[in-house]
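Inside the fold
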Amino acid sequence: MTASEIQALLEKQREYFLSGATIPVEFRIAQLKKLYDAVKSREKEISAALTADLGKSYYEGFMCETGLVLSEISYLIRHTKGFARRKTVRTPLAQFPSHSFKQPVPYGNTLIMSPWNYPLLLTLEPLADAIAAGNTAIVKPSAYSPATSGIIQKIIAQCFAPEYVAVVTGGRAENSALLEQKFDFVFFTGSQGVGREVLRHTAEYLTPAVLELGGKSPCIVDASANIKLAARRIVFGKYLNCGQTCVAPDYILCESSVKEEFLSEVVKEIKRQYGERPLENKDYGKIINEKHFKRLCGLIDGSKVVFGGEANPETNQIAPTVMDGVTAGDAVMGEEIFGPIMPVLSFDNFENLVKELKKQPKPLALYLFSSNKKHIQAVTTQLSYGGGCINDVVIHLATSEMGFGGVGESGMGSYHGKDGFDAFSHYKSIVDKKVWLDLPMRYQPYQSKLYETLLHIFLK
């Protein structure tokens, strides 16, 4: 789509939003139901597309994408009516008689830019939030996951007129053309580098934005942890989608006294979950493309590999890999891994570890495996990160009851459920002042001692 075509599309969406068609709550709920039915009816097509793009099995595709999308839409269908109501707040006595309330209203014309690693989930979840809040939307899926982008295009065309919700496909040229336009709100999920570019463009128009980025998310395993269970859950979260998950444990910080036990259990779990030859496992996925495959291969230091390390350039697959003896100066620690490579570092003093983590860029996620209450308290209250788990990984983003988002270098804003509705809404603060009484104390001339006394009373 050319820049002029994108501009024309946005103009049509502006006209549609200004018509007020998206405002009625009943309309929003009806559109959510359409979207739910369309996704439900295309489950097999979605699964085939996810397999083509990322090698995802049907089970993994449903568990991590289709099922979560359906859950979010279902949640919004049930709750949008309540979310959209005005919220009464207490009115100071000095403003008597009046009624104060906060009214959520849609931003208007929104842009949703999604990544390739969870191409269905990270496109349709924010879209559902945008619809629930009463916005129009232009959706830009990633060019790296063309099969899933094609299904998304079919679903949206089946459900919505383009002046309401539309898809723009393509690559960098289309991304640039979209970011040159003035939207009322932008939602972006992707890398920190591209996130900076998005924020530069939105700053030109003072457009509010939510950025869901990434970073190096640490996973701490201390000596009090259930090591066997920790290994099982970490292996699941680290190698899910071949490590191409923004909240995957990027690297492990394991207490020295239990590191050998932990490594042994990790190797056992990889074999148990993926088999002796993971690259022959039909349910094990692939790296998205050759560029990322080569980048990941360059991060593997063969001298530090204690398990895995095999790669198949014909299928863009890298076996679940574990590296020990890793230091902060190694290549694998210089960037977000975003692949099936698990570097294991060790520590001896938990308090010093917390001090060091405070100095690091704020990650999207942080995980702690421990039964030590002081350690849990320190991690949950002293460290800054988007979100995380105690004694598990990844699962904190799989609920509509909690917002998901980053902080600092890992992003800004959050979504899911009520937080998603709020992200795509502006809350207007309104005082409805009654006319049957007008207290004179605020008006000049300021002479009466009585008024001064009353004013003190009212403002207490």
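The paragraphs below set out a description of the structure included in this document. Treat the numbers as computed from the prediction; the structure is a model and nothing was measured.

**Structural notes on the sheet that holds strand β6 (residues 185-189)**
Taken in spatial order, the six strands make up an open sheet running β5-β4-β3-β6-β7-β18, and their pairing is mixed. Strands at the two margins of the open sheet, each flanked by one partner only, are β5 (165-167) and β18 (411-412). Judged from the three bridges that link them, strand β4 (residues 136-140) and β5 form a sheet pairing that is parallel. Paired with V139 across the two strands is V167, which belongs to β5. Lying on the sheet, helix α6 (residues 146-159) is in contact with β4 and β5; it crosses β5 at an angle near 155°. Each of β3 (109-113), β6, β7 (209-212) and β18 touches helix α8 (residues 192-204); the most contacted strand, β6, lies at about 175° to it.

**Here we look at the sheet that holds strand β15 (residues 365-369)**
Taken together, seven strands build an open sheet; the order of strands is β10-β13-β14-β9-β8-β15-β16 and the sheet is mixed. At either end of the open sheet lies a strand with only one pairing partner, and these are β10 (305-307) and β16 (387-390). For this sheet, the mean angle separating the axes of adjacent strands, direction not counted, is 25°. Sheet analysis places β10 next to strand β13 (residues 321-323), joined by two bridges and oriented antiparallel. Paired with V305 across the strands is M323, a residue of β13. With respect to the sheet, helix α10 (residues 259-274) is in contact with β8 (218-221), β9 (251-255), β10, β13 and β14 (341-347), its orientation differing from that of β14 by roughly 165°.

**Here we look at a nonpolar patch on the surface**
Where nonpolar side chains cluster on the molecular surface, the patch consists of L93, F96, W436 and L437 and spans about 420 Å² of accessible area. Its place among the elements puts L437 in the loop between β20 (425-433) and α15 (449-459). Relative accessible area serves as the criterion here: at 31%, L437 is assigned to the partly exposed category.

The rules behind these values
- Residues numbered from 1 in each chain as written.
- Predicted model: local features only at pLDDT ≥ 70, side-chain atom pairs only at ≥ 80, totals over all residues.
- Heavy atoms only, no water.
- Pairing = 2+ DSSP bridges.
- Helix = DSSP H or I, 4+ residues; strand = E, 2+ residues; numbered from the N terminus.
- Contact = heavy atoms within 4.5 Å.
- Axes fitted to C-alpha atoms, helices over the stretch in contact; angles between N-to-C directions.
- Patch = residues over 30% accessible without salt bridge, like charges linked within 9 Å, V, L, I, M, F, W, Y side chains within 5 Å.
- Areas by Shrake-Rupley, 256 points an atom, 1.4 Å probe, with all protein chains shown as cover.
- Salt bridge = Lys/Arg side-chain N within 4 Å of Asp/Glu carboxyl O.
- Buried < 20%, exposed > 50% of the residue type's maximum accessible area, 1.4 Å probe, protein only.

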